[in-house]
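Observations on the three-dimensional arrangement
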Amino acid sequence: MMTRNLVHLFILMAAMFAGSSMLYGQDSQLTLENIYSKRAFGQRGFGPLRWLKDSKGYSTVENNKELGGREIIRYDAQSGE
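Residues numbered from 1 in each chain as written. Predicted model: local features only at pLDDT ≥ 70, side-chain atom pairs only at ≥ 80, totals over all residues. Heavy atoms only, no water.

**Things to note about a nonpolar patch on the surface**
Residues L30, L32, I35, Y36 and F41 make up a contiguous nonpolar surface patch of about 570 Å² in total accessible area. On the secondary structure map, F41 appears in the loop between α2 (32–37) and β1 (45–46). Residue classification places F41 among the partly exposed residues on the basis of a relative accessible area of 34%. (Patch = residues over 30% accessible without salt bridge, like charges linked within 9 Å, V, L, I, M, F, W, Y side chains within 5 Å. Areas by Shrake-Rupley, 256 points an atom, 1.4 Å probe, with all protein chains shown as cover. Salt bridge = Lys/Arg side-chain N within 4 Å of Asp/Glu carboxyl O. Helix = DSSP H or I, 4+ residues; strand = E, 2+ residues; numbered from the N terminus. Buried < 20%, exposed > 50% of the residue type's maximum accessible area, 1.4 Å probe, protein only.)

What follows is the structure, given as structure tokens:
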């Protein structure tokens with residue numbers, strides 16, 4: 001009897017797991033086209049760093065000791081300045 005209950009419990013847990021993975025799964029398929037052409041899995045940046053829309057540079061948030069605060073700084077990707 002206990003073995004039968006364990007089998008039912010296992011089936012119920014497997015069904016719940018399968019259902020939840022379908023509900024919370026990603027819509028995008030993991031293909032080379034989605035990764036490189038469509039950039040379906042890309043990020044705009046990491047941490048406080050963000051690439052600018054023209055892709056020629058990036059902005060980040062840095063401490064300004066003179067002002068005693070933080071400010072947004074833009075860097076050119078080619079020159080690094």
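Picking up where we left off.
**A word on unusual backbone geometry**
In most cases, non-glycine residues show a negative phi, while peptide bonds are predominantly trans. You will see that S55, though not glycine, has its phi angle at about 60 degrees, which is positive. Relative to the helices and strands, S55 is located in the loop between β2 (49–51) and β3 (57–64). Taking relative accessible area as the criterion, S55 reaches 54% and is therefore assigned exposed.

**Concerning the confidence of the model for the chain**
Chain-level statistics for the chain give a pLDDT mean of 76 and a share of 63% at 70 or above. Mean pLDDT in the chain bottoms out at helix α1 (residues 2–23), which sits at 60, and peaks at strand β4 (residues 69–76), which reaches 92. (pLDDT = per-residue confidence, 0-100.)

**Concerning the packing of aromatic side chains**
The full count for this structure, using the stated rule, is two aromatic pairs. Measuring from centroid to centroid gives 5.7 Å for W51 and Y58, while their planes differ by 70 degrees, and the two rings are edge-to-face. Taking the relative accessible area as the measure of exposure, Y58 reaches 22% and is therefore partly exposed. (Phe/Tyr/Trp six-rings, centres within 6.5 Å; stacked < 30°, edge-to-face > 60°.)

**Thoughts on the pairing of β4**
Direction of pairing for β3 relative to β4: antiparallel, over a ladder of eight bridges. Paired with T60 across the bridge in β4 is I73. Counted along the chain from β3 to the antiparallel partner β4, the turn is four residues long, and its residue G68 has a positive phi close to 75 degrees. (Pairing = 2+ DSSP bridges.)

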